[in-house]
Amino acid sequence: MNVYEIITDRILAALDEGTIPWRKPWKCGGAPKNLVTGNPYRGLNILLTAMQGYASPYWLTFKQATERGGQVKKGEKGTPIIFWNWQRRQVEDHDGENEEKQIPYMRYYTVFNLAQIDGLQLPEEKVTFTPMSGCDEVIAGMPQAPAIEHGWARASYCP
């Protein structure tokens, strides 16, 4: 089974269970990211990790967890995430000449949420929030002003 089939099967299985995977359940404690590198996930990986419904935004590979003294809980299943990159290759053109081309390729890794791993601690995270000047005044002047919350607790704009 290739990575395209794995991802498609995950999404179809969620739809069969009555879950619409692109509708956020709002259980997340922040944008999904790798615990070790701190790099946030992007694109389809956000959907794939959010579909799992964990409150922790932190994810690790099995190897990353064990290298740090953690252990994946018995019976837990990982979540596939995809990784795109480019590979340089010599390709023969129509005239029989070799030319170098960049060809995209995709890999996938299986990751586990921090909640699926025993023996690891949540890192301390310093969050700084700097509101945009003038926004509070605009909202205060609205006739039916919405409640403004910052963070990932519910749908919101994040620049």
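Look a little higher up for the structure.
The structure contained in this document is the topic of the report that follows. Source: prediction; values computed, not measured. (Residues numbered from 1 in each chain as written. Predicted model: local features only at pLDDT ≥ 70, side-chain atom pairs only at ≥ 80, totals over all residues. Heavy atoms only, no water.)

### Quick look at the sheet that holds strand β1 (residues 33–34)
Hydrogen bonds between backbone atoms are what pair the strands of a sheet, whose relative direction is either parallel or antiparallel.
So, step 1. Pairing is mixed in the open sheet, where 4 strands are placed in the order β1-β2-β5-β4. Two strands in the sheet have a free side with no partner beyond their single neighbour: β1 and β4 (79–92).
So, step 2. Relative to strand β5 (residues 98–113), β4 is paired through 14 bridges, and the arrangement is antiparallel. Across the sheet, threonine 79 pairs through a bridge with valine 111, a residue of β5.
So, step 3. Contacting β4 and β5, helix α1 (residues 3–16) runs over the sheet at an angle of about 155 degrees to β4. (Pairing = 2+ DSSP bridges. Helix = DSSP H or I, 4+ residues; strand = E, 2+ residues; numbered from the N terminus. Contact = heavy atoms within 4.5 Å. Axes fitted to C-alpha atoms, helices over the stretch in contact; angles between N-to-C directions.)

### Comments concerning the side chain of serine 56
So, step 1. Mapped onto the fold, serine 56 is located in the loop between α2 (44–50) and β2 (58–61).
So, step 2. A polar contact is formed between the side chain of serine 56 and the backbone nitrogen of tyrosine 58, at a distance of 3.2 Å.
So, step 3. With residues up to four places along the chain from it excluded, the contact list for serine 56 reads Asn113 and Leu114. (Polar contact = N/O pair within 3.5 Å; in protein donor to acceptor, adjacent residues only side chain to side chain.)

### Thoughts on the pattern of salt bridges
So, step 1. All told, the structure shown has 4 salt bridges when counted by the stated rule.
So, step 2. Glutamate 67 serves as the salt-bridge partner of arginine 68, at 3.5 Å between the closest nitrogen and oxygen.
So, step 3. Glutamate 67 gets classed as exposed once you look at its relative accessible area, which sits at 52%.
So, step 4. Of the charged contacts, one joins glutamate 100 and arginine 88 as a salt bridge, the two residues approaching to 3.1 Å between their closest N and O atoms. You can see glutamate 100 sitting in strand β5 and its partner arginine 88 sitting in strand β4, a full 12 residues away along the chain.
So, step 5. Residue classification places glutamate 100 among the partly exposed positions, given a relative accessible area of 47%.
So, step 6. Residue classification places arginine 88 among the exposed positions, given a relative accessible area of 56%. (Salt bridge = Lys/Arg side-chain N within 4 Å of Asp/Glu carboxyl O. Buried < 20%, exposed > 50% of the residue type's maximum accessible area, 1.4 Å probe, protein only.)

### Some words on the packing of aromatic side chains
Centre-to-centre distance and the angle between the planes together describe a pair of aromatic rings.
So, step 1. Counted according to the given criterion, the structure contains 2 aromatic pairs.
So, step 2. Centre to centre, the rings of tyrosine 54 and tryptophan 59 are 5.9 Å apart; their planes meet at 80 degrees, and the pair counts as edge-to-face.
So, step 3. Residues phenylalanine 83 and tyrosine 109 carry aromatic rings whose centres are separated by 6.4 Å and whose planes lie at 65 degrees to one another, so their mutual orientation is edge-to-face. Taken together, the residues span a long stretch of sequence, with phenylalanine 83 in strand β4 and tyrosine 109 in strand β5 at a distance of 26 residues.
So, step 4. Given the relative accessible area of 35%, phenylalanine 83 is considered partly exposed.
So, step 5. Under the relative-accessibility criterion, tyrosine 109 is labelled partly exposed at 35%. (Phe/Tyr/Trp six-rings, centres within 6.5 Å; stacked < 30°, edge-to-face > 60°.)

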